[in-house]
Amino acid sequence: MAQGEGASAPTLLDRLLRPGRSSGRDVMLDVVGHHTLSPALLKFGGRVTARPYTNYPAYLGHMAGFDINMVPLLQDRFNACKSAIRFLDAAMVETVTIASRTGDFVNVVEHGKTGLLADGKEAWLPLLRDLVASAGKRRAMGKAARNFAETGMSSSHIAAALDPALVAEFGP
């Protein structure tokens, strides 16, 4: 899970893990990167793990073991400039992504097919519950995301879409 406030991890976990919710029984949160876990997450004990960023191959190895990649970001001017690299990283290891509907995520995530886009804080919980409940849906979206990343985001595909004047100016 990326750092950000698009959705509050403690609030999502509280709601997902609420007694009587069998769909959240096996839910764990693994936070990867340079961070300090908030006290609100510490109450979940062993269900929340923090992994410091080490290197890119190790990061992808962790990502490959996740069921869902979450990228909760504020929908603000700063995040409007964010790339969708975390979606692409997850796609390459066939891990489905739920991201805030901001930045380049809106250009590369096909909602419901290659991942999910959350419109604000209230959208996160239903999307997360749906994916937690369906391993088949997670696998299908992860595979579709990888296919898109390998074909639709390849350098040859992007080059073909460039303005010919730009190619003529700077060469192939």
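The notes below deal with the structure included here. (Residues numbered from 1 in each chain as written. Predicted model: local features only at pLDDT ≥ 70, side-chain atom pairs only at ≥ 80, totals over all residues. Heavy atoms only, no water.)

Concerning the overall build of the protein chain
Here is the rule: Under the DSSP-based scheme used, a helix requires at least four consecutive residues in state H or I and a strand at least two consecutive residues in state E, with every element numbered from the N terminus. Three exposure classes are used, based on accessible area relative to the maximum for each residue type with a 1.4 Å probe and protein chains only: buried under 20%, partly exposed in between, and exposed over 50%. The method behind every accessible area is Shrake-Rupley, applied with a 1.4 Å probe, and residues are considered shielded solely by the protein chains displayed.
The helix and strand tally for the protein chain stands at 9 helices and 5 strands. Residues classed as buried in the protein chain amount to 38% of the 172 residues present. Accessible surface for the protein chain amounts to roughly 9,600 Å². Of this, 56% is attributable to carbon and sulfur atoms.

Here we look at the sheet that holds strand 3 (residues 68–71)
To keep things clear, this is the line we draw: Here a strand pair is declared whenever DSSP counts at least two bridges between the two strands. Only the stretch in contact is used when fitting a helix axis, every axis being a line fitted to C-alpha atoms; angles between N-to-C directions are given from 0 to 180 degrees. We call two residues in contact whenever any of their non-hydrogen atoms come within 4.5 Å of each other.
Taken in spatial order, the 3 strands line up as 3-4-5 in an open sheet, and their pairing is parallel. Every other strand in the sheet has two partners, leaving strand 3 and strand 5 (116–118) as the edge strands with one partner each. Each adjacent strand pair in this sheet contributes to an overall mean axis angle of 20°, direction not counted. Summarising the sheet, strand 3 and strand 4 (residues 96–100) pair through 4 bridges and their orientation is parallel. Residue pairing for strand 4: Ile68 is matched across the bridge by Val96. Packing of helix 4 (residues 85–92) onto the sheet brings it into contact with strand 3 and strand 4, and relative to strand 3 it is tilted by some 175°. Contacting strand 3, strand 4 and strand 5, helix 6 (residues 121–133) crosses the sheet at an angle of about 175° to strand 4.

Brief notes about the pairing of strand 1 (residues 29–32)
The side-chain alternation of strand 1 yields two buried faces, one formed by Leu29 and Val31 and the other by Asp30 and Val32. Across 4 bridges, the pairing between strand 1 and strand 2 (residues 48–51) is parallel. Each bridged residue has a counterpart across the sheet, and for Val32 the counterpart in strand 2 is Arg51.

Description of the pairing of strand 3
In the case of a regular strand, side chains alternate between the two sheet surfaces. Quick note on the threshold: Assignment of crossover handedness uses the view with strands pointing away from the viewer, where a clockwise path from the first strand over the helix to the second indicates a right-handed crossover.
The side-chain alternation of strand 3 yields two buried faces, one formed by Ile68 and Met70 and the other by Asn69 and Val71. As for the winding sense of the linkage, the β-α-β connection from strand 3 through helix 4 to strand 4 is right-handed.

Details of the packing of aromatic side chains
Basically, it comes down to this: By convention, a stacked pair of Phe, Tyr or Trp rings (six-membered ring in the case of Trp) has centres within 6.5 Å and planes under 30 degrees apart, an edge-to-face pair has planes over 60 apart, and any other such pair is tilted.
By the definition in use, this model includes 3 aromatic pairs. Ring geometry for Tyr56 and Tyr59: centres 5.9 Å apart, planes at 35°, overall tilted. With Tyr56 and Tyr59 both in helix 3 (residues 56–64) and 3 residues apart, this pair spans about one turn of that helix. Judged by its relative accessible area of 42%, Tyr56 is partly exposed. In this structure an aromatic cluster arises from ring pairing among Tyr53, Tyr56 and Tyr59.

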